[in-house]
Amino acid sequence: MARGYLPATMFRGITGASFASLALGLLTVAACGDTGLQPGIFANVVDTVTLYALDGTALQLPSAYSISTAAVVRTDQSSSFDFAFNITSGDSAVLLPTGALHLGIGSGIDTVAAPFDAITIVPGGAYVDSLPVHIDSGTVAVVHSRATSCPVTGSFSFLYAKLQVLAIDTVARSLKMLVLSNKNCGYRSLEPGNPSR
């Protein structure tokens, strides 16, 4: 099933009133994150973090990142993260969504051509959710988390972050990047401060 489309079989047996309620619910979810929301609880902050390759580095070094906590994660201590970093045998740097790590398809990564600072709202795009995403110095990407229960939408929704690769060190097997995580579910703003959209 293509992302963004609901199968026709979902609507079998739905009455007119039920369909109207369903349509209203879908419109409410779709509208969530537009202007008119109260400012989010958590301020969006740009941070600089360093990740270390899953392979060929010390176990105690963080290789992954969690959008919900806006923090690096040690993969030997937790699988609660949204993407990890690795360097392949051919010295290619990659970001790995959860599906590429056999942790279940959940998070997604979309590389974008826009500069980091120019991305103020989550752009439309195709998120890679089950394959490695190749990166290089200067790469900019938008990432969504695994779906999480969200009281703002009354359903499951994603958290979003944007990142820019500052440097990849193939000797230290490390990635230095700028990252801004929006920890407010239902909000799509990717600019600093408390989001209202």
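Basis of the calculations
- Residues numbered from 1 in each chain as written.
- Predicted model: local features only at pLDDT ≥ 70, side-chain atom pairs only at ≥ 80, totals over all residues.
- Heavy atoms only, no water.
- Disulfide = S-S within 2.5 Å.
- Helix = DSSP H or I, 4+ residues; strand = E, 2+ residues; numbered from the N terminus.
- Buried < 20%, exposed > 50% of the residue type's maximum accessible area, 1.4 Å probe, protein only.
- Pairing = 2+ DSSP bridges.
- Axes fitted to C-alpha atoms, helices over the stretch in contact; angles between N-to-C directions.
- pLDDT = per-residue confidence, 0-100.
- Contact = heavy atoms within 4.5 Å.
- Salt bridge = Lys/Arg side-chain N within 4 Å of Asp/Glu carboxyl O.
- Core = buried A, V, L, I, M, F, W, Y, C linked by side-chain atoms within 4.5 Å.
- Polar contact = N/O pair within 3.5 Å; in protein donor to acceptor, adjacent residues only side chain to side chain.

Please give an account of the state of the cysteines that cites residues and values.
A full pass over the atoms with the stated rule returns 1 disulfide. Each sulfur in the disulfide pair Cys 150 and Cys 185 lies 2.2 Å from the other. Sign of the S-S torsion, about 85 degrees for the bond between Cys 150 and Cys 185, identifies this disulfide as right-handed. Here Cys 150, found in strand E9 (residues 148-150), pairs with Cys 185, found in the segment after strand E12 (174-182); they are 35 residues apart in sequence, far enough to count as distant. Comparing Cys 150 with Cys 185 shows no difference in burial state: the two are buried.

Got a sec to walk through the sheet that holds strand E6 (residues 108-112)? Specific residues and values, please.
If you walk across this open sheet you meet the 5 strands as E1-E12-E11-E8-E6, and the pairing is antiparallel. The sheet is open, and its two edges are formed by strand E1 (46-52) and E6, each paired on a single side. Within this sheet the neighbouring strands show an average axis-to-axis angle of 30 degrees, counted without direction. Sheet topology note: the E1/E12 ladder contains 7 bridges and is antiparallel. Counterpart to Thr 48 in the pairing with E12 is Leu 178.

Please set out the confidence of the model for the chain residue by residue, giving values where relevant.
Regions with low pLDDT carry predicted coordinates that are not meant to be interpreted in detail. The predicted model of the chain has a mean per-residue pLDDT of 85, with 82% of residues at 70 or higher. With pLDDT under 50 throughout, residues 1-35 is counted as low confidence; its partners more than four residues away or in other chains account for 23 contacts.

Can you explain the sheet that holds strand E3 (residues 71-73)? Please cite residues and give values.
Spatial ordering of the open sheet is given by E3-E2-E4-E5-E7, a layout of 5 strands whose pairing is antiparallel. The strands lining the two open edges of the sheet, one partner per strand, are E3 and strand E7 (133-134). Bridging between strand E2 (residues 64-66) and E3 involves 3 bridges; their strand directions are antiparallel. Counted as the bridge partner of Ser 66 is Ala 71 from E3.

Give me the pattern of salt bridges: which residues, what numbers.
Enumeration over the complete set of coordinates arrives at 2 salt bridges. With a closest N to O distance of 2.8 Å, Asp 76 and Arg 74 form a salt bridge. What makes Asp 76 partly exposed here is its relative accessible area of 35%. In this structure, the salt-bridge partner of Glu 191 is Arg 197, at a minimum N-O distance of 3.0 Å. In this structure Glu 191 comes out as partly exposed when scored by relative accessible area, which is 29%. Given a relative accessible area of 26%, Arg 197 falls into the partly exposed group.

Give a detailed account of the nonpolar core, specifying residues and quantitative values.
Core analysis: the largest hydrophobic core is formed by 24 residues, its most contacted members being Phe 83, Phe 85, Leu 95, Leu 163, Leu 175 and Met 177. Elements with a contribution of two residues or more to this core: E1, strand E4 (83-87), strand E5 (93-97), strand E8 (140-144), strand E11 (160-169) and E12. With 10 residues, the next largest nonpolar core counts Phe 116, Ile 119, Val 122 and Val 142 among its residues.

Any details on the environment of Ser 189? Residues and values, ideally.
Among the secondary structure elements, Ser 189 is positioned in the segment after E12. With relative accessibility at 2%, the residue Ser 189 sits in the buried group. Ignoring anything within four residues of it in the chain, the contact list for Ser 189 reads Asn 44, Thr 120, Ile 121, Asn 182, Pro 195 and Arg 197. Side-chain polar atoms of Ser 189 contact the backbone nitrogen of Glu 191, separated by 3.4 Å.

Could you give an account of the pairing of E12, with specific residues and numbers?
In terms of burial, E12 is a largely internal element, 8 of the 9 residues being buried. Where E11 lies against E12, 9 bridges are found, and the strand directions are antiparallel. Looking at E12, one finds that Val 165 is bridged to Met 177. Counting the residues in the hairpin turn of E11 and E12 gives 4 residues, including Arg 173, whose phi is positive at 55 degrees.

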